[in-house]
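# Understanding the architecture of this molecule
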Amino acid sequence: PALALKETRRLMVQLKVDIMVGPLSGDEAVTIANWAKANPQKTVIIGTAGSQDPTMQIAPKNLFRYHGDGAQWNAGLGEIVYKKLGWRTAAIIMDDYSFGWTSGAGIIADFCAIGGKITKRVFPPLNTTDYSSYVRQLPAPGTVDGYFWVVGGTGTSAALTAYEQANGALDPKKHIGNLFFAFLGADKVVAPKVVGSYVGGFGTGPGLKTAQAKTYEKVVARWYPGLNGGNYADGFVYNYYNAAW
């Protein structure tokens, strides 16, 4: 957040930019939303940050978002495990910052609204590398119907590894994650272990062959040749594209 604020001031005050696209992460967006509120002559369009606060609590009139927040990205997860997997009780482990709270809150609201019960909530801080003590705070297997994971980035693999060391191999039907469950480096390590798990998502459609999708991909390829045919449906790429558009 401090670096995001420094760069925002450099761009918008020193370089006199009128409109900024960004930032990327939840706590950064909270900080920049507060800055925008104090600088109403400038316009900020959030890049892809998914915390709820910037648009729903802080809500300056000169700040906009054209993508979902963390709660919206996980809409339906609680209901589907209740109906499809028969879950009635669950524990949730979530990153202790604004995106983790929003993402976890969406899952909790969804699950509890249909009749489920969250029996335990565990909050590891960002940049945790050893999750063993946090995994031990979760209810033992068999005492809840399943676990919701809201641990993103490099933490996903480390957290699930700690769970396996404590409780054995993962049962995909007992472990449900937010959109970062098998994303950002965890895809090759975690994804093979959780085939069959339900996960949240950005709402993009990787692999679409429609005319509109192909047109969009050509535009992105023109401006970002470094992707070299990469995943144009990546949520970060697509959300920044919409913000810039």
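Residues numbered from 1 in each chain as written. Predicted model: local features only at pLDDT ≥ 70, side-chain atom pairs only at ≥ 80, totals over all residues. Heavy atoms only, no water.

Below, the discussion takes up the overall build of the chain. Secondary structure summary: the chain contains eleven helices and seven strands in total. A compact globule built from 245 residues would reach a C-alpha radius of gyration of about 18 Å, and the chain, at 19 Å, matches this within 12%. Dimensions of the chain, computed from C-alpha atoms along their principal axes, come out at roughly 60 × 40 × 35 Å. Across the chain, every contact between residues at least 6 apart in sequence was considered, and the portion connecting residues at least 24 apart equals 64%. Side chains of the chain give 23 positive and 17 negative charges; the mean places of these two sets differ by 4 Å. (Helix = DSSP H or I, 4+ residues; strand = E, 2+ residues; numbered from the N terminus. Rg over C-alpha atoms; globule rule 2.2 N^0.38 Å. Contact = heavy atoms within 4.5 Å. Lys, Arg positive; Asp, Glu negative; His and termini not counted. Charge placed at Lys NZ, Arg CZ, Asp CG, Glu CD.)

Sheet architecture is open: three strands sit in the order β1-β2-β3, paired in parallel fashion. Because the sheet does not close on itself, it has two edges, and the strands there are β1 (19–21) and β3 (63–64). Inspection of the sheet shows strand β2 (residues 43–45) paired to β3 by two bridges, in the parallel sense. Of the residues in β3, the one forming a bridge with I45 is F64. (Pairing = 2+ DSSP bridges.)

This part takes up the side chain of N74. Tracing the sequence through the fold places N74 in the loop between α4 (70–73) and α5 (77–84). Take N74: its relative accessible area is 0%, and that puts it in the buried class. Apart from the residues lying within four places of it in its own chain, the contact partners of N74 are S103, I107, N178, L179 and G200. (Buried < 20%, exposed > 50% of the residue type's maximum accessible area, 1.4 Å probe, protein only.)

By the secondary structure assignment, K16 is in the loop between α1 (2–14) and β1. The residues contacting K16, other than those within four sequence positions of it, are L11 and K42.

One pass over the structure, following the stated rule, counts three salt bridges. With its nearest N and O atoms 2.9 Å apart, the salt bridge here joins R10 to E7. Remark: E7 and R10 occur in helix α1; sequence separation between them is three residues, near one turn of the helix. With a closest N to O distance of 2.8 Å, E79 and K83 form a salt bridge. On the criterion of helical spacing, the pair formed by E79 and K83 is a turn pair, its members being four residues apart in helix α5. Since its relative accessible area comes to 32%, E79 is described here as partly exposed. On the accessibility criterion, K83 (58% relative accessible area) is exposed. (Salt bridge = Lys/Arg side-chain N within 4 Å of Asp/Glu carboxyl O.)

All right, on to the nonpolar core then. Formed by 19 residues in total, the largest nonpolar core has its most connected members in I93, Y131, L138, Y147 and W149. At the level of elements, β4 (89–94), α7 (132–135), β6 (146–150) and α8 (155–167) are the ones that each hand at least two residues to this core. It is α8 that contributes the most residues to this core, four residues altogether. Apart from the residues within four sequence positions on either side, W149 is in contact with I93, L138, A159, L160, Y163, H175, I176, G177, N178 and F181. The next biggest cluster of nonpolar side chains, apart from the first, holds 15 residues, and it includes A4, L5, W35 and V44. (Core = buried A, V, L, I, M, F, W, Y, C linked by side-chain atoms within 4.5 Å.)

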